[in-house]
Amino acid sequence: MTSTLLPILDESCRAAGCESRGQARRTAYWRSLDELAETADFKELLAREFPSQLAVWDDPVGRRNFLKLMAASFALAGITGCTREPLETIVPYVRAQPEITPGRPLYFATAMTRGGYALGLLAESHMGRPTKLEGNPDHPASLGATDALAQASILDLYDPDRSQTVIRRSVIETWDHFLTALTTELGPIRERRGEGLRILTERVTSPTLARQLEALLEDLPEANWHQFDPAGFDNAYEGARQAFGRTVETRYDFSRADIIVSLDADFLSTLPASLRYAREFIDGRRVSARPTSMNRLYVIESTPTITGAMADHHLARRPSLIEPAARMLAGQLGLDVGQPSSAAAEDIVPQDWLRALVSDLNAHRGAGLVIAGEGQPPSVHALAHAINQALGNVGSTVIHTVPVMARPRSGRESFANLVSDMHAGRVDTLVMLGGNPVFTAPGMLDFEQALAQVRLRVHLSEYYDETSFLCDWHVPAAHYLESWGDARAYDGTATIMQPLIAPLYGGRTAYELVAALAGKGGQSSYEIVQDYWRGELGEANFGDSWQRAVHDGVIPQTAADTLDVRVTSSFGNERASPDAPPFPDGELEAVFRPDPTIWDGRFANNAWLQELPKPLTKLTWDNAAYLSPATAEQRALANGDVIEITLEGRSIEAPVWTLPGQADGCVSLTLGYGRSKSGRVGTGLGYNAYTLRPNADAWFAHGASIRKTGGHYKLVTTQGHHNMEGRDIVRVHTFEQLQSGAAGQHKHDAEPLPSLYPEYEYTGNAWGMVIDQTACIGCNACVAACQAENNIPTVGKDQVAVGREMQWLRIDRYYHGSPQDPETYFQPMMCLHCEMAPCEVVCPVAATVHDSEGTNNMIYNRCVGTRYCSNNCPYKVRRFNYLQYTDEITPSLKLMRNPDVTVRSRGVMEKCSYCIQRISHARIDAKREMRPIRDGEVITACQQACPTRAIVFGNLNDTAAEVRKLKGSPLNYGVLAELNTQPRTTHLARVTNPHPDLAAPAGDEPKPRDEGNS
């Protein structure tokens, strides 16, 4: 975006009939600011039929970079000989086990942890090789769904860049040598009853590990255990202590909430219960032809999130204004918590917006919900608790429980005490169980310098990372699919984690390392975990209870006890200044957030996640400094311009990305990039925002300044690929329109037009799909699931830059309204399996054809790479292997691939197949049992991963099928149906529920550009 773009946007708004770009709605949808302004660069892009006509290599080393990044990583040949031999004797089958059928997968319950909390999973295993992960429907945190991070974690298991040996000061060692050395080193420490010993972990919810550590501290009372997680929940815990005088865990029941208020809380994405919250939230928004109710979401946030994208009413405010906004809301509800001055109030929250919100909350007492984000200080969390209590929401939509995390007070304060002791020389031995504090805490307390003061440093981690490099001993950690373990879900429910494969690289677990510290180095993880649960479940019938827990993935009756707590009378005395802090001219607020795809940096070496477009920006392979359009305009900054950001004497350089919906007056930085030791995929990408993170507040800070350096950095986004030039693609209606019957089918959706293509009658199955855009939250879980299921390769940044990404499924993001605070909509787009498919008639070798059940199939060994089919596809959903993208060399990556799906090579076109392999399995089962395929028996990979059940697939000839019912909805439409392609995949229009006093004008349907719209 050039520095003159905003005046162009003003002119575009006036041409569309808007008084200004601040008007609430416009009649056109747009994907990028360049598209909205119709800049010269955008018109040039549209003039090219294929983005691939652009120059591929911009620099002399581009091809080398591509070869480095095109797959997960290349092989480390020969090092696999260092793996640990299995402890159990392996005997070949004499008689095959009845539950194992070669060619058919088995599923095993396990769990993945993020931030310590468990996400219940079912791992698909092909003859001992886990290849795919699904959600465990019996687990309270997943309900059968997954997120993109869980889907992509299968790639981490097989990553050859994972640490493969024990290392002592850069020299390869063995586990036995490490145990011997550790026993020797711990001798004097035991004599001093643990004095000088410190253990650092991330958040721990594992009952077994917590018991081990507590037992160790009982034996060595002078030792200490610290917890630190860079994306932790310290503010939430401290906010609860301010409100209630004690630490509690708070969870929410969105299924009962009619009015939801988010105070900078991305509850659809970043919380331990986000998958469940997303399901419950969307269930409250599902609408029929004549709906009677629909929940309403208000969001105030600084950096756009997928939660903000789903809001019915959205306010973009810099983070320091959210606390005054919360106080204004509390004051309007009758709480004495201090109010901003009248002069500042309108800039914080518009009065009509506040009146509508207060009216809604009062009208739905007991059915409202106010939630604060971790990026806000404890006082905002305490205010949210007070508001929920005043509205009668506690016990209904808000539930308080005993803490799930072990030692919940241990967080940033505990970590600061540890670093202080290290600087003072009071730490002799530091054992770090996971985490990467050298990378994640450099700006806070100079952990690297403190670490140098420690005599003996031990680090357990999956990668030889920045922290491992500075340690005396590095121990490779086992992946969660290689090890036994346990963890608790967000509600306290315990889960047994079982291995699906023997450790590929000899990894060890935290349980084994803590056992070694306790002098029990011979114990295995299985023995340790089972011994703990034998004590919890009881010796009587333990075998049956244990087997059931392992099989189901959950241990019944282990959820945390609920608490009846009340906001203390002293709460009002702890309030901060109700006005926002002074904001000098030229200064900005720096905002820090975990990256939406690589989180805090632990997934940096995962090529699937690096190439996965970020939900709002659609950037890949990089992070950027996000500025609002107005802030970028004021400083004459365009996308890709490199700026120097300075905060409290520390500086970093980062490229700019102008983000619609970003709050003015702040610059948002995402954590996790800028790795120096992260394997060959993640090293050297992006900038390291941790080096700028302040001591005083981990999530935002005042006083940041930016300076244009004159440099430019190439950022790559997928959103501009395959633009559809303002045609009738995404549709939105209001709840009021739906109730009144004003929302209905468009004229070209009613009946198919005459065609020269021959008709075909499907007498058996006729497969089809419906995607509910009201339910799609843009989380990318479906994209990652499709990649895992169908062996889709990554291509690298340079290839993505010219439109050659390979994901079969994409999530298009559309904006509507003012660039400063637009409405945001998501639309999943894949092959629509057109009944009258334009691709089929132009293929010279019949490589793309229809089958007898209505799916458009690709016959890979026929394809000769003419790309005529892609040229003729109006949806641009076909993917071509321009180069040999699939890594056919690395042995571990061969183990990862789904054996039911062909691995494609250079010169072959590929696309969504409706997971034809899953249809085939269901067809075989039904034929063997002499019955038709049942509705819901075939679940595509994208459908199965979706946390909100936005995707429905089934047989259109089955009158009772859910997909058939949805096809009859007045919200159902075919994208570009006027072309008479008759797509088998259709969409349901998005439905919003604005407050009547704030509702935008009706008349949402966009018109083609040649009818006068910009």
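Parameters and conventions
- Residue indices begin from 1 for each chain and proceed along its sequence in written order.
- The predicted nature of this model means local features are confined to residues of pLDDT at least 70 and side-chain atom pairs, given and counted, to a pLDDT of 80 or more, with totals for whole chains, interfaces and linings taken over all residues.
- Only heavy atoms go into the side-chain values, all of them from the structure, while hydrogens and water stay out.
- The numbering of helices and of strands both runs from the N terminus, where a helix is a DSSP run of H or I of at least 4 residues and a strand a run of E of at least 2.
- Exposed residues in this analysis have more than 50% of their type's maximum accessible area, buried residues have under 20%, and partly exposed residues fall in between, with area computed by a 1.4 Å probe over protein chains only.
- For this analysis, residues touch if any pair of their heavy atoms sits within 4.5 Å.
- Methods summary: accessible areas were calculated by the Shrake-Rupley approach with a probe of 1.4 Å, and residue burial reflects only the protein chains presented.
- A pair of strands is labelled paired if DSSP reports no fewer than 2 bridges between them.
- Confidence of the prediction at every residue is given by pLDDT, a number between 0 and 100.
- Exposure above 30% relative accessible area and no salt bridge define the residues that can form patches, which grow by joining like charges within 9 Å and nonpolar side chains of Val, Leu, Ile, Met, Phe, Trp and Tyr within 5 Å.
- A carboxyl oxygen of Asp or Glu within 4 Å of a side-chain nitrogen of Lys or Arg is what we treat as a salt bridge.
- Within this scheme the basic residues Lys and Arg register as positive and the acidic residues Asp and Glu register as negative, but His and the chain ends are omitted.
- The location of each charge is read from NZ of Lys, CZ of Arg, CG of Asp or CD of Glu.
- The rule is short: rings of Phe, Tyr and Trp, with Trp giving its six-membered ring, pair when the centres are within 6.5 Å, and they are stacked under 30 degrees, edge-to-face over 60, tilted in between.
- Definition used: whenever NZ (Lys) or CZ (Arg) falls within 6 Å of the ring centre and also within 35 degrees of the ring normal, the charge is taken to sit over that ring.
- By nonpolar core is meant a set of buried Ala, Val, Leu, Ile, Met, Phe, Trp, Tyr and Cys residues that side-chain atoms within 4.5 Å join together.
- Only the stretch in contact is used when a helix axis is fitted, and all axes are lines through C-alpha atoms; the angle between N-to-C directions ranges over 0 to 180 degrees.
- Take the far helix as your reference; a near helix turned counterclockwise from it by less than a right angle gives a left-handed crossing, and one turned clockwise gives a right-handed crossing.
- Note that Gly is not counted as nonpolar here; it falls among the polar residues with everything else outside the nonpolar set of Ala, Val, Leu, Ile, Met, Phe, Trp, Tyr, Cys and Pro and the charged set of Asp, Glu, Lys and Arg.
- Under the rule applied, a polar contact is a pair of N or O atoms within 3.5 Å (in protein, one hydrogen donor and one hydrogen acceptor; residues adjacent in sequence only if both atoms are side-chain atoms).

Draft legend 1. Main features of the overall build of the protein. Summing up its helical and strand segments, the protein has 33 helices and 39 strands in all. The proportion of buried residues among the 1014 residues of the protein is 63%. Sequence-distant contacts in the protein: of pairs separated by 6 or more residues, those separated by 24 or more amount to 76%. Split by element, the accessible area of the protein, about 37,500 Å² in all, is 51% carbon and sulfur.

Draft legend 2. Representation of the sheet that holds strand S37 (residues 972-973) in the model. Read from one edge to the other, the open sheet built from four strands follows the order S36-S29-S38-S37, with strand pairing classed as mixed. Edge positions in the open sheet fall to strand S36 (951-955) and S37, since each of these has one partner strand only. Taken together, the two bridges between S37 and strand S38 (residues 985-988) define a ladder with antiparallel strand orientation. Within S38, the position partnered with Asn 972 by the bridge is Leu 988.

Draft legend 3. Spotlight on the confidence of the model for the protein. Residues of the protein with pLDDT of at least 70 account for 85%, and the chain-wide mean is 86. Here residues 66-86 scores under 50 on pLDDT; set against residues more than four positions off or in separate chains, the count is 63 contacts. Across residues 1001-1014, where pLDDT falls below 50, the model places 31 contacts with residues more than four positions away in sequence or in other chains.

Draft legend 4. View of a negative patch on the surface. A surface patch of like charges, here negative, comprises Glu 346, Asp 347, Asp 352 and Asp 997. Mapped onto the secondary structure, Asp 352 falls in helix H13 (residues 351-363).

Draft legend 5. View of the packing of aromatic side chains. Going through the model one piece at a time under the given rule, you end up with 21 aromatic pairs. Note on Phe 439 and Tyr 690: the rings are 5.1 Å apart at their centroids and 75° apart in plane angle, and the pair reads as edge-to-face. On the criterion of sequence distance, the pair formed by Phe 439 in helix H16 (residues 437-440) and Tyr 690 in the loop between helix H25 (679-682) and strand S26 (700-712) is long-range, its members being 251 residues apart. Among the residues examined, Phe 439 registers a relative accessible area of 4% and is labelled buried. Put simply, the rings of Tyr 252, Phe 254, Phe 267, Tyr 277, Phe 281 and Tyr 490 pair up and form one aromatic cluster. Above the face of the Phe 439 ring, Arg 675 is positioned so that its terminal group lies 5.0 Å from the ring centre.

Draft legend 6. Up close: the pattern of salt bridges. Inspection of the entire model under this criterion finds 45 salt bridges. Between Arg 169 and Asp 472 there is a salt bridge, with the nearest N and O atoms lying 3.1 Å from each other. Placement of Arg 169 in the loop between strand S5 (166-168) and strand S6 (171-173) and of Asp 472 in the loop between helix H19 (466-469) and strand S17 (473-476) is noted, with a sequence separation of 303 residues between them. Across the salt bridge formed by Asp 219 and Arg 190, the nearest N and O atoms sit 3.4 Å from each other. Of this pair, Asp 219 sits in helix H7 (residues 207-219) while Arg 190 sits in helix H6 (residues 175-191), and the two are 29 residues apart along the sequence. Take Asp 219: its relative accessible area is 47%, and that puts it in the partly exposed class. Through salt bridges with shared partners, a single network forms among Lys 132, Glu 134, Glu 789 and Arg 918.

Draft legend 7. Spatial organisation of the nonpolar core. Phe 267, Phe 281, Ile 645, Leu 669 and Tyr 875 are the most contacted members of the largest nonpolar core, which has 185 residues in total. The element that contributes the greatest number of residues to this core is helix H5 (residues 148-158), accounting for eight residues. Judged by nonpolar contacts, the second largest core, of 47 residues, contains Ala 210, Leu 213, Trp 484 and Val 514.

Draft legend 8. Quick look at the packing of helix H21 (residues 525-537) against helix H22 (residues 542-552). Contact geometry of H21 with H22 gives a least axis separation of 10 Å together with a crossing angle of 115°. Crossing geometry of H21 relative to H22 is assigned as right-handed. Side by side, H21 and H22 meet where Tyr 526, Val 529, Gln 530, Trp 533, Arg 534 and Leu 537 of the first sit next to Phe 542, Ser 545 and Trp 546 of the second. Split into classes, the residues belonging to the contact of H21 with H22 amount to six nonpolar, two polar and one charged.

Draft legend 9. Representation of the environment of Val 864 within the structure. Turning to its location among the elements, Val 864 is positioned in the loop between strand S33 (856-858) and helix H29 (868-872). When its relative accessible area of 54% is taken as the criterion, Val 864 is described as exposed. When the C-alpha atoms of Val 864 and Gly 907 are compared, they prove to be 6.7 Å apart, with 43 residues separating the residues in sequence. Beyond its immediate sequence surroundings of up to four residues, Val 864 is in contact with Val 845 and Gly 907.

Draft legend 10. Spotlight on the sheet that holds strand S20 (residues 588-594). Strand order in the closed barrel formed by six strands is S20-S25-S22-S24-S23-S26, with mixed pairing between adjacent strands. Averaged over all pairs of adjacent strands, the angle between their axes in this sheet comes to 45°, without regard to strand direction. Looking at chain direction, S20 and strand S25 (residues 666-671) are connected through six bridges and run parallel. Counterpart to Glu 589 in the pairing with S25 is Cys 666.

Draft legend 11. Just the environment of Ser 32, in detail. Mapped onto the secondary structure, Ser 32 falls in the loop between strand S1 (29-30) and helix H2 (33-37). Accessibility expressed as a relative area gives 24% for Ser 32, which makes it partly exposed. The spacing of Ser 32 and Gly 720 is 688 residues in sequence and 7.2 Å in space, taken between C-alpha atoms.

Draft legend 12. Region of interest: the side chain of Gln 827. Of note, Gln 827 is situated in strand S31 (residues 823-829). For Gln 827, a relative accessible area of 0% puts it in the buried group. For Gln 827, the side chain forms a polar contact with the main-chain oxygen of Ile 729, separated by 3.0 Å. In terms of polar contacts, Gln 827 uses its side chain to reach the side chain of Gln 773, at 3.0 Å. Leave out the neighbours within four places in its chain, and Gln 827 touches Ile 729, Val 730, Gln 773, Arg 810, Ile 811, Asp 812, Tyr 814, Tyr 973, Val 975 and His 987.

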